[in-house]
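Chain residues, written in single-letter form:
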Amino acid sequence: VALTPTAASAPAGDATEFPRRPLGSSSLLVTPVCLGTMTWGIQNTPEDAFAQLDYAVKTRGINFIDTAEMYPVPGSHPKWVAGATEIIIGDWLAQDANKSLRKDLVIATKIAGYMPSSGVPGQRTDPPTPGQMPCRLDRDSIRAACAASLRRLKTDYIDLYQLHWPERAVGFFGSSGYDPENEREDVVSIRETLLALKELLEEGKIREYGLSNETPFGVCEFVRLADELKMPRPVSIQNEFHLLNRTFEDGLAEACAPNHLNVGLMPWSVLAGGSLSGKYLGGERPAGSRFTLFPAFMRRFCADEVMPTIGRYKEVADKAGVSLATLAVAFCRSRYYIDRHGSCIVGATTLEQLKENIDGYNVRLSDEVLEAIDEIHFERKSPVVR
């Protein structure tokens, strides 16, 4: 039996004009689609990245770009250097043809959260400092990381500065649960982190700040302390969300809702590392794809036990007459916490993939299709979360 998606009205071809709306409670006006960048520098060359930026910004009118100081990924690659993706974006912004675009773009980046030992902090200095050091969210680290991102991005200000993951011992990147026994005695307080962000806001180095890989407690505590410190609240949260991980709906959706704390969701990995394109079904490993090149990176997205669920979503997409990737992106559009006050991060390694993923946001799924999706979800909720 065929399922019919209800297509949203959109101009033909590539000339989509996305509306702009406030991100969460902020004054940042962003397109509902945000360009992801984490493959730029390893899977994608600078030339690839420039082509994607030109297409997304100049052809499709997307004004929102997300990156991070630790990009590209994976960090285990022998050519990995923290900040390489920011350098690529900065070089694109510095081109004569692109300098006038900066004022209309919303550039988001992220400081790395707690790691006991990492090569990230060494890349914050110029020249870089060799060796491994801890990543923390204390005042000195935040100021050093922000200064480095500004230098690499070749800009005077960052529109949205995000905390990539918490200082606290909480579950993220596919793990769940909380055990107070895992908390460290030297954990940097949320208050100290906020006071450092407040300095950057007052100095004009950042316009707004956001959270990432956070919990309901974390969001509420950041808001409570921001009010106490008489400073702006966080405006966004960048958490994993897709057909295989809908844990955001369990508590964060209520806390972050427009009528509550008004923290807009920027979902990451809406295609579950490419698995929700269907290309890994049947044990396939296409040449050049992420899990062919890096089988250990985010392996939970391509685990054998997840494949039957992906296959069922593929059947729904086939009956609806759309690709699985389109179904996955259009599902994100169907969520009010993304479409009303957030932005859907889409990335790709080819222009063809990027076009399909952007186009996916112009598809509205019918109630019948959404019911079919929910039926699969409720039989086995969020199978990539442990």
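Residues numbered from 1 in each chain as written. Predicted model: local features only at pLDDT ≥ 70, side-chain atom pairs only at ≥ 80, totals over all residues. Heavy atoms only, no water.

Chemist: Looking at this structure, I do not really get the packing of helix H2 (residues 84-94) against helix H3 (residues 139-153). What am I missing?
Modeler: At a closest axis distance of 7 Å, the pairing of H2 and H3 adopts a crossing angle of 45 degrees. By the angle between their axes, H2 is oblique relative to H3. Residues Glu 86, Ile 87, Ile 89, Gly 90 and Leu 93 of H2 form the contact with H3, whose participating residues are Ser 149, Arg 152 and Leu 153. Partitioning the contact of H2 with H3 into residue classes produces 4 nonpolar, 2 polar and 2 charged. (Axes fitted to C-alpha atoms, helices over the stretch in contact; angles between N-to-C directions. Helix = DSSP H or I, 4+ residues; strand = E, 2+ residues; numbered from the N terminus. Parallel < 35°, antiparallel > 145°, perpendicular 65-115°, else oblique. Contact = heavy atoms within 4.5 Å. Nonpolar A, V, L, I, M, F, W, Y, C, P; charged D, E, K, R; others polar.)

Chemist: Help me out: how do you make sense of helix H9 (residues 324-333) in this one?
Modeler: Working note: α-helix, 3.6 residues per turn, so residues spaced by three or four point in the same direction. Buried residues dominate H9, accounting for 10 of its 10 residues. Contact partners of the buried residues in H9: helix H8 (307-320), helix H10 (336-339), strand S13 (344-346), helix H11 (351-360), strand S14 (363-364) and helix H12 (367-379). (Buried < 20%, exposed > 50% of the residue type's maximum accessible area, 1.4 Å probe, protein only.)

Chemist: Got a minute to help me understand the environment of Glu 17 in this structure?
Modeler: Looking at where Glu 17 falls in the secondary structure, it is placed in the loop between strand S1 (6-7) and strand S2 (21-22). A relative accessible area of 61% places Glu 17 in the exposed class. Separated by 164 residues in sequence, Glu 17 and Glu 181 place their C-alpha atoms 50 Å apart.

Chemist: In this structure, what is going on with empty space enclosed by the protein? I would like to understand it.
Modeler: Gaps left between atoms show up when a probe the size of a water molecule is rolled over them. For the structure shown, the criterion picks out 1 cavity of 30 Å³ or more. Here the largest cavity is characterised by a volume of approximately 80 Å³. Lining the largest cavity are 14 residues, and of these Leu 137, Pro 166, Glu 167, Glu 214 and Phe 222 sit closest to its centre. Looking at the lining of the largest cavity, the elements with two or more residues in it are helix H4 (190-202) and strand S10 (206-212). Within the lining of the largest cavity, the residues separate by chemical class into 8 nonpolar, 3 polar and 3 charged. (1 Å grid on protein atoms, 1.4 Å probe; cavity = no way out; pocket = protein on both sides within 12 Å on 5 of 7 lines; lining within 4 Å. Points joined across faces, edges and corners; volume = space filled by probe spheres on them.)

Chemist: Just to check I follow, could you spell out the packing of helix H1 (residues 46-59) against H2 for this structure?
Modeler: The description of two helices packed together rests on the angle between their axes and the distance between the axes. The N-to-C vectors of H1 and H2 enclose an angle of 60 degrees; their axes lie 10 Å apart at closest approach. The angle between H1 and H2 places the two elements in the oblique class. Both H1 and H2 take part in a crossing whose hand is right-handed. Two secondary-structure elements touch here, H1 through Pro 46, Ala 49, Phe 50, Leu 53, Asp 54, Val 57 and Lys 58 and H2 through Ile 88, Asp 91 and Trp 92. (Left-handed = near helix turned anticlockwise from the far one by under 90°.)

Chemist: Sorry, what's going on with the packing of aromatic side chains here?
Modeler: Enumeration according to the criterion identifies 5 aromatic pairs in this entry. Geometrically, the ring pair formed by Tyr 280 and Phe 291 is edge-to-face, given 5.2 Å between the ring centres and 65 degrees between the ring planes. Here Tyr 280 is found in the loop between strand S12 (264-265) and helix H7 (290-293), whereas its partner Phe 291 is found in helix H7, with 11 residues between them in sequence. Each member of the pair, Tyr 280 as well as Phe 291, is classed as buried. Of the aromatic side chains, those joined through ring pairs into one cluster are Phe 241, Phe 248, Phe 331, Tyr 336 and Tyr 337. (Phe/Tyr/Trp six-rings, centres within 6.5 Å; stacked < 30°, edge-to-face > 60°.)

Chemist: So what exactly am I meant to see when it comes to the confidence of the model for the protein here?
Modeler: Fine structural detail should not be taken from predicted coordinates in areas where pLDDT scores are low. Taken over all residues, the pLDDT of the protein has a mean of 94, while the share at 70 or more is 96%. Every residue in residues 8-12 is under pLDDT 50, and counting partners more than four places away or in other chains gives 7 contacts. (pLDDT = per-residue confidence, 0-100.)

Chemist: Honestly, H2 in this entry has me stumped. Any pointers?
Modeler: All of the buried residues along H2 are Thr 85, Glu 86, Ile 88, Ile 89, Gly 90, Trp 92 and Leu 93. Along its buried surface, H2 packs onto H1, strand S5 (64-66), strand S6 (106-111) and H3.

Chemist: What's the story with the pattern of salt bridges in this structure? I'm lost.
Modeler: Charged atoms that come close allow side chains of opposite charge to pair. Taken as a whole and judged by the stated rule, the model has 32 salt bridges. Residues Asp 359 and Lys 355 are paired through a salt bridge, measuring 2.9 Å at the closest nitrogen-oxygen approach. Here the residue Asp 359 and the residue Lys 355 both occupy positions in helix H11, the gap between them amounting to 4 residues, near one helical turn. On the accessibility criterion, Asp 359 (24% relative accessible area) is partly exposed. Overlapping salt bridges, with partners in common, bring together Arg 139, Asp 140, Arg 143, Glu 199, Glu 203 and Lys 205 in one network. (Salt bridge = Lys/Arg side-chain N within 4 Å of Asp/Glu carboxyl O.)

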